[in-house]
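Residues per chain are reported as follows:
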Number of protein chains: 2
Amino acid sequence: MASVVGDGAVALHEPRFRGNEWIYLKECLDSTFVSSVGKFVDRFEDDLAAFTGAKRAVAVVNGTAALHVSLLLAGVEAGDEVLLPALTFIATANAVAYCQATPHFVDSEERSLGMDAHALRDYLSAMTELRGGHCINRSTGRVIRAMVPMHTFGHPVDIEALLAVAHDFRMQLIEDAAESLGSTVGGRHTGTFGLMGTLSFNGNKTITTGGGGAILTNDLELGARAKHLTTTAKVPHRWSFVHDEVGYNYRLPNLNAALGCAQLEQLPGFLLEKRRLFDCYQSRFADVTGVRLVAEPAGCRSNYWLQTLLLDESLSGQRDAILTATNDSGLMTRPVWTLMHRMPMYSNTPKAPLPVAESLERRLINIPSSSGLVPVNS
Amino acid sequence: MASVVGDGAVALHEPRFRGNEWIYLKECLDSTFVSSVGKFVDRFEDDLAAFTGAKRAVAVVNGTAALHVSLLLAGVEAGDEVLLPALTFIATANAVAYCQATPHFVDSEERSLGMDAHALRDYLSAMTELRGGHCINRSTGRVIRAMVPMHTFGHPVDIEALLAVAHDFRMQLIEDAAESLGSTVGGRHTGTFGLMGTLSFNGNKTITTGGGGAILTNDLELGARAKHLTTTAKVPHRWSFVHDEVGYNYRLPNLNAALGCAQLEQLPGFLLEKRRLFDCYQSRFADVTGVRLVAEPAGCRSNYWLQTLLLDESLSGQRDAILTATNDSGLMTRPVWTLMHRMPMYSNTPKAPLPVAESLERRLINIPSSSGLVPVNS
């Protein structure tokens with residue numbers, strides 16, 4: 001690892017600000033529009049839609065807020081169940097809880113690290129039934145309203161197969177694309193396949209707005225609903241204050257959008273550099289037995305947000321020793337998230353058998369992944 | 001109005017960035033710490049605690065988030081009722097709804113524009129009973145768990161009298177101090193009287209972070225709980241990802257905190273200028289019959305966030321004509337918020353008689369209020 005990224009202390013993922021960040025932030029301050037109105041929010045939304053090919057992008061305060069509102073707009077109600085990978089970040093499960101719904105955890109596949117469409121189809125065939133046009137969990141009696149596959153570390157999940165499952169079992173599909181800005185499937189951007197897709201621009205992501213996120217959709221009516229719901233549901237009027245439903249204060253401030261506009265301009269370069277970093281790691285780890293680097297699935301292009309080592313099962317007992325040694329030497333590494341069903345608040349929720357997720361949990365290690373660690377022009 | 005603020009177009013409230021905003025934002029970018037960690041978040045929290053005298057301040061993504069988490073920490077549960085002024089911004093009511101609780105609207109007093117402690121005591125005496133140590137609404141059977149008085153436009157509410165009511169009727173008191181940074185009661189800062197207090201740094205507030213808010217408390221244990229709950233409830237560990245309850249992604253990004261640190265340095269000057277603007281308006285409106293400027297209540301110091309005209313009841317029919325004429329001429333004015341019980345989603349919630357709030361709704365007009373409209377050294 002050090003032979004690729006150098007000997008000094010290296011973070012897991014650092015942002016870089018070498019474009020127009022400075023100019024746009026200054027423009028923001030000079031205009032005094034740092035907050036809820038301002039041209040950078042509109043521009044950032046337009047730029048995101050153009051980059052991803054989504055018909056509409058709605059900028060919000062973070063990826064969790066994007067998930068929460070997408071679930072509400074997908075019709076998730078109190079008492080529903082929502083299918084999620086057990087191998088995901090806590091935000092996906094929490095967003096379901098905010099809707100007073102229950103996460104229902106399912107297994108992942110080793111190829112993409114994401115939800116396993118084939119295992120899911122078998123599981124749903126065995127344990128659900130269609131009633132009144134809805135997919136009913138036979139053991140709980142609850143409606144399974146939606147699934148939220150996630151593109152893990154930027155590697156696209158098998159989205160076409162999952163869409164087919166969602167269709168056949170009459171549920172909505174929301175794509176958690178928090179980690180996959182710049183990742184595509186058959187040339188089409190992740191987050192644009194489902195009813196809605198969600199992005200994150202947290203500081204550790206491929207591009208950052210400080211904190212921020214977005215909702216992508218190809219349904220303009222849903223996009224307008226997302227904008228309304230994330231801006232306190234205020235009815236437009238020259239001066240009066242009427243709000244027509246329980247809305248949320250989830251708008252992205254103009255200041256953060258300004259940073260996002262500058263970052264998005266540099267995204268193609270970041271993606272090239274992250275791919276090059278993968279190539280470098282790949283060639284260095286080729287000779288190391290018992291470990292391989294996770295590569296983009298066939299037919300997909302990954303943004304290689306976080307580079308990931310996968311240990312052989314026989315080496316999984318070494319995971320913590322590797323984490324300790326690398327972190328002690330200043331190379332920041334980390335394991336994958338603890339599986340969701342191990343969290344105390346989600347320990348009694350429904351779940352499928354999780355053999356692959358449990359194996360991946362023992363074997364995955366993320367290693368330093370910032371763009372610019374091995375510049376393309378070096 | 002124009003004789004005070006000039007003839008050109010004047011906004012209702014604009015932020016000013018004439019301090020270290022620029023230097024701190026640059027420092028933020030140069031350090032790459034724009035997001036969830038960084039020294040400005042800690043400093044902003046410490047500076048807020050020092051300025052307000054609260055033992056702990058927790059910076060969050062906006063005032064709505066601050067209210068939501070404060071209500072949760074005050075023990076508000078699904079099915080509870082929470083007392084709010086009908087005359088408030090939508091965020092106060094929405095935060096209650098996020099807890100699956102029901103807002104219960106009460107009347108205001110003309111003196112402070114905030115909750116009327118005497119009317120409230122009479123109302124609660126008539127319609128509630130104590131049972132099992134809780135205040136029960138006799139007509140709904142639900143627990144009234146808390147009250148959330150708001151310091152309207154920066155004018156301190158009669159907080160001591162409300163604390164006595166809260167004590168006698170066994171409920172928690174959360175202070176919505178979103179508008180009152182810099183306002184004090186008997187020398188003590190608003191937001192530090194209740195179990196918790198909440199601030200907002202939206203772009204229209206006395207100081208801004210783009211979007212942002214804070215929770216104030218004198219209970220260090222509650223402060224620690226607020227920090228935990230607003231940062232995804234992650235259990236500290238060198239690398240592992242365990243979250244021990246359903247938490248929220250409500251942290252204020254370091255970028256926004258940097259702006260806040262610079263703004264807070266200038267707050268004493270802003271407050272002087274806003275007070276001077278009040279004095280100027282006051283002297284100009286002294287001779288105008290049928291209208292008066294709302295002044296700080298006795299024993300209190302208001303930050304004069306939004307300057308407010310109060311029309312005589314006989315002139316209330318002229319309100320919309322005044323709004324039209326001033327806005328047409330470029331002087332931005334606005335009415336007070338539409339009362340909460342008129343919103344479709346809150347039209348069937350419990351409410352007290354609201355004669356004063358309904359009268360104020362017809363008669364209040366906010367007028368241009370930015371600091372710097374009449375500089376102190378002019």
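Predicted, not measured: the structure shown is a model, and the values here were computed from it.

Undergrad: I would appreciate a short explanation of the pairing of strand β14 (residues 307–311) of chain A in the present structure.
TA: For a regular strand, side chains alternate in direction, first toward one face of the sheet and then toward the other. Residue and element names in this part refer to chain A. Sheet topology note: the strand β12 (residues 291–293)/β14 ladder contains 3 bridges and is antiparallel. The residue of β14 that forms the bridge with Leu293 is Leu309. Relative to strand β16 (residues 364–367), β14 runs antiparallel, the two being bridged by 4 bridges. By the bridge assignment, Leu310 is partnered in β16 with Leu364.

Undergrad: Looking at this structure, how should I read the relation of the copies chain B and chain A?
TA: The pair of chain copies shares a relation made of a rotation about an axis and a shift along it. The operation relating chain B to chain A is a screw motion whose rotation component is 180 degrees, with 0.0 Å of axial translation and a residual RMSD of 0.0 Å. Taken together, the rotation and translation describe the operation of a two-fold axis. The overlap is high: 100% of the interface residues of chain B also sit at the interface in chain A, so the same surface is used on both sides.

Undergrad: I would appreciate a short explanation of the sheet that holds strand β10 (residues 196–200) of chain A in the present structure.
TA: Working definition: the strands of a sheet are paired by backbone hydrogen bonds and lie parallel or antiparallel to each other. Residues and elements named next belong to chain A. Here 7 strands make up an open sheet; going across it, the order is β1-β11-β10-β7-β6-β2-β3 and the pairing mixed. At either margin of the open sheet sits one strand with a lone partner, and together these are β1 (56–60) and β3 (102–106). Between one strand and the next, the sheet's axes are offset by a mean angle of 25 degrees, whatever the strand orientation. Of the strand pairs in this sheet, β10 and strand β11 (residues 213–217) are connected by 4 bridges, and their pairing is antiparallel. Each bridged residue has a counterpart across the sheet, and for Gly197 the counterpart in β11 is Leu216. Across the sheet, helix α8 (residues 220–230) touches β1, β10 and β11, and the angle it forms with β1 is around 15 degrees.

Undergrad: What should I look at first to understand the sheet that holds β12 of chain A in this one?
TA: One open sheet holds the 4 strands; their spatial order is β12-β14-β16-β15 (chain A), and the pairing between them is antiparallel. Each edge of the open sheet carries a strand with a single partner, namely β12 and β15 (334–335) of chain A.

Undergrad: Would you mind showing me how to read the environment of Pro375 of chain A here?
TA: Residue and element names in this part refer to chain A. Within the secondary structure layout, Pro375 lies in the segment after β16. The class of Pro375 is exposed, set by 12 C-beta atoms lying within 10 Å. As a C-alpha pair, Pro375 and Ser3 span 372 residues in sequence and 15 Å in three-dimensional space.

Undergrad: Just to check I follow, could you spell out the pairing of β11 of chain A for this structure?
TA: All names here are of chain A. Of all 5 residues that make up β11, 5 are buried, and the element is covered over most of its length. Strand direction decides the pairing type here: β1 and β11, joined by 5 bridges, are antiparallel. Residue pairing across strands places Arg56 opposite Thr217, the latter belonging to β11.

Undergrad: Looking at this structure, how should I read the packing of helix α3 (residues 39–52) of chain A against helix α9 (residues 254–285) of chain A?
TA: Each pair of packed helices gets described by two things: the angle between the helix axes and the distance between those axes. Residues and elements named next belong to chain A. At a closest axis distance of 8 Å, the pairing of α3 and α9 adopts a crossing angle of 30 degrees. Here α3 is positioned roughly parallel relative to α9, judged by the angle of their axes. The handedness of the crossing between α3 and α9 is left-handed. Taken together, the residues of α9 that come into contact with α3 (itself represented by Phe40, Val41, Arg43, Phe44, Asp47, Leu48 and Phe51) are Asn254, Ala257, Ala258, Gly260, Cys261, Leu264 and Leu267.

Undergrad: Quick question: what am I supposed to make of the confidence of the model for chain A here?
TA: Averaged over every residue, the pLDDT of chain A is 96; the share at 70 or more is 99%. Here the predicted complex carries an ipTM of 0.95, next to a pTM of 0.96.

Undergrad: What am I meant to see in the packing of helix α4 (residues 63–73) of chain B against helix α8 (residues 220–230) of chain B here?
TA: Residues and elements named next belong to chain B. Look at α4 against α8: their axes get within 10 Å of each other, and the N-to-C directions meet at 125 degrees. When the axis of α4 is compared with that of α8, the two are oblique. As for how α4 packs across α8, the hand of that crossing is right-handed. Side by side, α4 and α8 meet where Ala65, Val69, Leu72 and Leu73 of the first sit next to Leu222, Arg225, Ala226, Leu229 and Thr230 of the second. The residue inventory of the contact of α4 with α8, partitioned by class, reads 7 nonpolar, 1 polar and 1 charged.

Cut-offs applied
- In this numbering scheme, every chain counts its residues from 1 along its sequence in written order.
- To read the labels, note that chains go from A and ligands from 1, taken in the order they are written.
- Given that the model is predicted, a residue must reach a pLDDT of at least 70 before its local features are reported, and side-chain atom pairs must reach 80 or more before they are shown or counted; all residues, however, enter totals for whole chains, interfaces and linings.
- By this definition, two strands are paired if DSSP reports at least two bridges between them.
- Each helix is a run of H or I in the DSSP string that is no shorter than four residues. Each strand is a run of E no shorter than two, and both are numbered from the N terminus.
- Least squares is the method for superposing the copies, and the C-alpha atoms it fits come from residues with pLDDT of at least 70 in both.
- C-beta atoms are placed from the backbone for every residue, and two residues are taken to be in contact when these atoms lie within 7 Å.
- All axes here are fitted lines through C-alpha atoms, helices being fitted over the stretch that makes contact, and every angle between N-to-C directions spans 0 to 180 degrees.
- Here a residue counts as buried when 20 or more other C-beta atoms sit within 10 Å of its C-beta, as exposed when there are 12 or fewer, and as partly exposed otherwise, the C-beta atoms being derived from the backbone.
- With respect to orientation, any angle under 35 degrees is reported as roughly parallel, any angle over 145 as roughly antiparallel, any angle of 65 to 115 as roughly perpendicular, and every other angle as oblique.
- If you view the pair so one helix is near and one far, a crossing is left-handed when the near helix is turned anticlockwise from the far one by less than a right angle, and right-handed when it is turned clockwise.
- Each residue carries a pLDDT score, the predictor's confidence in it, ranging from 0 to 100.
- Amino acids outside the nonpolar list (Ala, Val, Leu, Ile, Met, Phe, Trp, Tyr, Cys, Pro) and the charged list (Asp, Glu, Lys, Arg) are all regarded as polar, and Gly is one of them.

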